[in-house]
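# Fold and geometry: a report
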Amino acid sequence: MKNYKFLLIISIFSFLFFSCGGSSSGSSDPVVTTPTNLVINKVVVGSSATMPNGDGTGVVNFTASANNAKEYKMSVDGEVLTSTTGNFTYTFKQSGTNEHTVYVSAYNGDKFVSGSTKVTVYVIPKAVFFDEFNVDGAPDSSKWGYDLGNNNGWGNNEAQYYTNRTQNAVVSNGTLKINLIKEAYQGYNYTSARLLSKGKYSMKYGKVEIRAKIPSGGGTWPALWMLGDNIDSVGWPACGEIDIMEHVGNQLNRIFGTLHYPGRSGGNADGASVMIPNATTEFHIYSMEWNASTIKIYVDNQLFFTYNNNPNSPFNQNFFFIMNVAMGGNFGGTIDPNVTNATMEVDYIRVYQ
């Protein structure tokens, strides 16, 4: 009987002891609070007024915050990232301009709150032809040749003499510089350069992007343009001409996009123009999208001219590139004698197909 009572007392004591111990680590644990007030912010790298969807790298920085959160998870394009700070960096890979939905959850233990945000990102497609102009010296001879001389004003009564000198065309500090110089040379008063990819590279259909800063000054006439590969056999305008960008100093900040072809050439060409700010002091992106149905010309992703292509047009064959700065002529107009030099800088040219 005494043994029974002793065992009973021990059992009760043990129960009380372990019950007290359990309550300190079990039922009396602090209550886990569900996170609240989830906020998701994003910054597209390289975003600007002219490039609102980024610089083409596809990099976006995300920041998430929530009350009582100890960990964050982000789901994007099938990938899941984890962070204790709420800071994420993600590189989108889908080329072109695309909208993506990003999901974020903030955790405190097994409690969480979730939210989402949408982000539009531009990713540069893979280029099939490009020149980043990163090697100092003369332009890459595997990609560019030269038209030389004046050639009776190149059909437009132009005043410059084109050379292949580095004084007139040189790569330095990451850009190609085409320099128009007022100087006596070969019987002319101006020199410049006219680079072309003829015989080295040409394309049919695709997207072209050229980032450039163009010169000012009365009479200056910079151009980024293309001619049909068959020009030597059929002549102009039967070969077709695509002017991605033309600017004349006498019409400051007005950008022209123009197509020349039989029946619509010269002063009767098919095109449009658009005014942009700071054309001569800042870099802008001049681009074209070309397929069997349309040719679209843009400045800084702003569409300003569309041509409806057709099987009978010359715009269904290969074209080569030309970059030049002319002076005066039928389109360049009156030359300001105070212009002693003018430079077009080209940061890059990229072709996507």
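For the chain, an unreviewed UniProt entry supplies the name GH16 domain-containing protein and the organism bioreactor metagenome. Listed in UniProt under the heading Sequence similarities (unreviewed entry), the comment for the chain reads: "Belongs to the glycosyl hydrolase 16 family."

### Thoughts on the sheet that holds strand β1 (residues 36-44)
In space, the 3 strands of this open sheet follow the order β1-β2-β5, with antiparallel pairing throughout. Every other strand in the sheet has two partners, leaving β1 and β5 (87-91) as the edge strands with one partner each. Direction aside, the axes of adjacent strands within the sheet are offset by 20° on average. Note: β1 against strand β2 (residues 59-67), 7 bridges, orientation antiparallel. In the strand pairing of β2, V44 is matched with V60.

### Here's the deal with the domain arrangement of the chain
Per the domain assignment, the segments making up the chain are domain 1 (36-123) and domain 2 (129-352). For domain 1 and domain 2, the distance between their C-alpha centres works out to 40 Å.

### Remarks on the sheet that holds strand β17 (residues 241-246)
Within a sheet, each strand pairs with its neighbour through backbone hydrogen bonds, oriented either parallel or antiparallel. Taken in spatial order, the 7 strands line up as β9-β14-β23-β16-β17-β18-β19 in an open sheet, and their pairing is antiparallel. Strands at the two margins of the open sheet, each flanked by one partner only, are β9 (145-147) and β19 (270-275). Direction aside, neighbouring strands of the sheet carry axes that sit 20° apart on average. For β9 and strand β14 (residues 194-196), the ladder comprises 3 bridges, and the chain directions are antiparallel.

### Some points on the UniProt feature "domain: GH16" (unreviewed entry) in the chain
UniProt annotation of "domain: GH16" (unreviewed entry) refers to residues 119-353 when read in the numbering used here. Across residues 119-353, helical content stands at 3% and strand content at 49%; the span's end C-alpha atoms are separated by 25 Å.

### A few points about the packing of aromatic side chains
A complete count under the given rule lists 17 aromatic pairs for this structure. Ring geometry for W154 against Y162: centres 5.6 Å apart, planes inclined by 50°, an arrangement best described as tilted. Judged by relative accessible area, W154 falls into the buried class, the value being 16%. Judged by relative accessible area, Y162 falls into the buried class, the value being 0%. Their ring planes at 70° and their centres at 5.4 Å tell us that W221 and F331 sit as a pair that is edge-to-face.

### Digging into the nonpolar core
Counting 49 residues, the largest nonpolar core has I255 and Y286 as its most contacted members. With near-sequence residues (within four places) excluded, I255 lies in contact with I214, M245, E246, H247, A272, S273, V274, I276, A279, Y286, V299 and F304. In terms of nonpolar packing, the next biggest core, distinct from the first, is built from 18 residues, F62, V104, V121 and V123 among them.

### Things to note about unusual backbone geometry
Leaving glycine out, the prevailing phi sign among residues is negative, and the prevailing peptide bond configuration is trans. That bond from W236 to P237 is cis: its omega, 15°, falls within 30 degrees of zero. By the secondary structure assignment, P237 is in the loop between α2 (231-234) and β17. Of note in the backbone geometry, N68 takes a positive phi value of approximately 70° without being a glycine. With respect to the helices and strands, the residue N68 is situated in the loop between β2 and β3 (71-76).

Reading the values: rules and limits
- Residues numbered from 1 in each chain as written.
- Predicted model: local features only at pLDDT ≥ 70, side-chain atom pairs only at ≥ 80, totals over all residues.
- Heavy atoms only, no water.
- UniProt positions renumbered as here; feature names shortened; annotations may be inferred.
- Pairing = 2+ DSSP bridges.
- Helix = DSSP H or I, 4+ residues; strand = E, 2+ residues; numbered from the N terminus.
- Axes fitted to C-alpha atoms, helices over the stretch in contact; angles between N-to-C directions.
- Domains from an automatic or database assignment.
- Phe/Tyr/Trp six-rings, centres within 6.5 Å; stacked < 30°, edge-to-face > 60°.
- Buried < 20%, exposed > 50% of the residue type's maximum accessible area, 1.4 Å probe, protein only.
- Core = buried A, V, L, I, M, F, W, Y, C linked by side-chain atoms within 4.5 Å.
- Contact = heavy atoms within 4.5 Å.

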